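# Chains, contacts and geometry: an overview
Okay, here's what each chain looks like letter by letter:
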Amino acid sequence: EISACLVGSEMCIRDRGILWIGTYGGLYRYNGSRFQWMNHYDSVKNVNCLYTDEAGRLWIGTNDSGVSICINEEISNVVDSSQGLPADSVRCVTECSDGTFYVGTSDALAIVSLSGGLSVSDIVSEVTYTKSLSADQKDHVAAVTDEGSLYLLSRGKVIQHLQKKAYRAAYSCCMFDDQGRLYVGRTDNCIEIYKLKDGKLQKCRTVSCGTLTNIKSLHMSENQEIFICADTVSYTHLRAHETGRNL
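Residues numbered from 1 in each chain as written. Predicted model: local features only at pLDDT ≥ 70, side-chain atom pairs only at ≥ 80, totals over all residues. Heavy atoms only, no water.

### Quick word on the overall build of the protein
Scanning the protein from terminus to terminus reveals zero helices and 23 strands. A total of about 11,900 Å² of accessible surface is found on the protein, and carbon and sulfur atoms cover 45% of it. (Helix = DSSP H or I, 4+ residues; strand = E, 2+ residues; numbered from the N terminus. Areas by Shrake-Rupley, 256 points an atom, 1.4 Å probe, with all protein chains shown as cover.)

Here it is in structure tokens:
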């Protein structure tokens, strides 16, 4: 029965090796031997995204109930439109190095603060329908939207906007590495690599990923391998030297 529910799945590994799987049918917990459907979480009936922050909290973005925050496998907080979130459909979450959290919704991008109590501290109205977020260690956040645009933000403000070119595939996802380089997947088979110079993104190179099409997400492993999820292959990877990391 679990296999039928894995359409549109998100996965996240937390402490003790527990695997969390978010699907359109709900949230599942896997301990290495048994799947458990977490249907006792009243605020989580479907899952759009999963994110683990630096403190180990699990953020669960849903399609219709905002974002739930899970601590020690219990829901501790829920943020939804009644508390200022622009929409109850949450697409992605990332933690900025300044301690705030950027929450992409089906409307505008929200900034959530835990300082002084959980609250929506700001709304970035010009960034809408965000589907991918990533943060570096210097207060920068990158956002990719449904329309295929790339935004760079700092301290809650947009400082650069790269729009989709008519002759080029759209941006589809983004990921900062530990060195502050930004990898941006496209809807074709390419990844663009950027570095920050004078507060702006400067493209270093474009890497072709062979027969892959429509790159969906990028993830960096501890040994500096980039795992790529695309339409034609569930997961493949590039090694660091293949992306020109030393540029």
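### A few points about the state of the cysteines
Scanning the entire structure with this criterion turns up zero disulfides. With no disulfide of its own, Cys92 lies 6.4 Å from the sulfur of Cys49, the closest cysteine sulfur. Overall, Cys92 belongs to the buried group, its relative accessible area being 7%. Free cysteine Cys173: the closest other cysteine sulfur is in Cys174, separated by 7.1 Å. (Disulfide = S-S within 2.5 Å. Buried < 20%, exposed > 50% of the residue type's maximum accessible area, 1.4 Å probe, protein only.)

### Re the confidence of the model for the protein
Caution applies to low-pLDDT parts of the model: their predicted coordinates are not meant to be read in detail. Across the protein, the average pLDDT comes to 89, with 87% of residues at 70 or higher. Scored below 50 in pLDDT, residues 1–7 makes nine contacts in the model with residues more than four places away or belonging to other chains. (pLDDT = per-residue confidence, 0-100. Contact = heavy atoms within 4.5 Å.)

### Describing the pairing of strand S22 (residues 226–230)
Of all five residues that make up S22, four are buried, and the element is covered over most of its length. As defined by bridge partners, strand S21 (residues 215–220) adjoins S22 across five bridges and the pair is classed as antiparallel. The residue of S22 that forms the bridge with Met220 is Ile226. A loop of five residues connects S21 with S22, the two strands running antiparallel in sequence, and Gln224 in this loop sits at a positive phi of about 65°. (Pairing = 2+ DSSP bridges.)

### Digging into the sheet that holds strand S14 (residues 140–145)
Taken in spatial order, the four strands line up as S13-S14-S15-S16 in an open sheet, and their pairing is antiparallel. Edge strands, defined here as strands with exactly one partner in the open sheet, are strand S13 (130–135) and strand S16 (157–162). For this sheet, the mean angle separating the axes of adjacent strands, direction not counted, is 25°. Sheet topology note: the S13/S14 ladder contains five bridges and is antiparallel. Of the residues in S14, the one forming a bridge with Ala135 is Val141. (Axes fitted to C-alpha atoms, helices over the stretch in contact; angles between N-to-C directions.)

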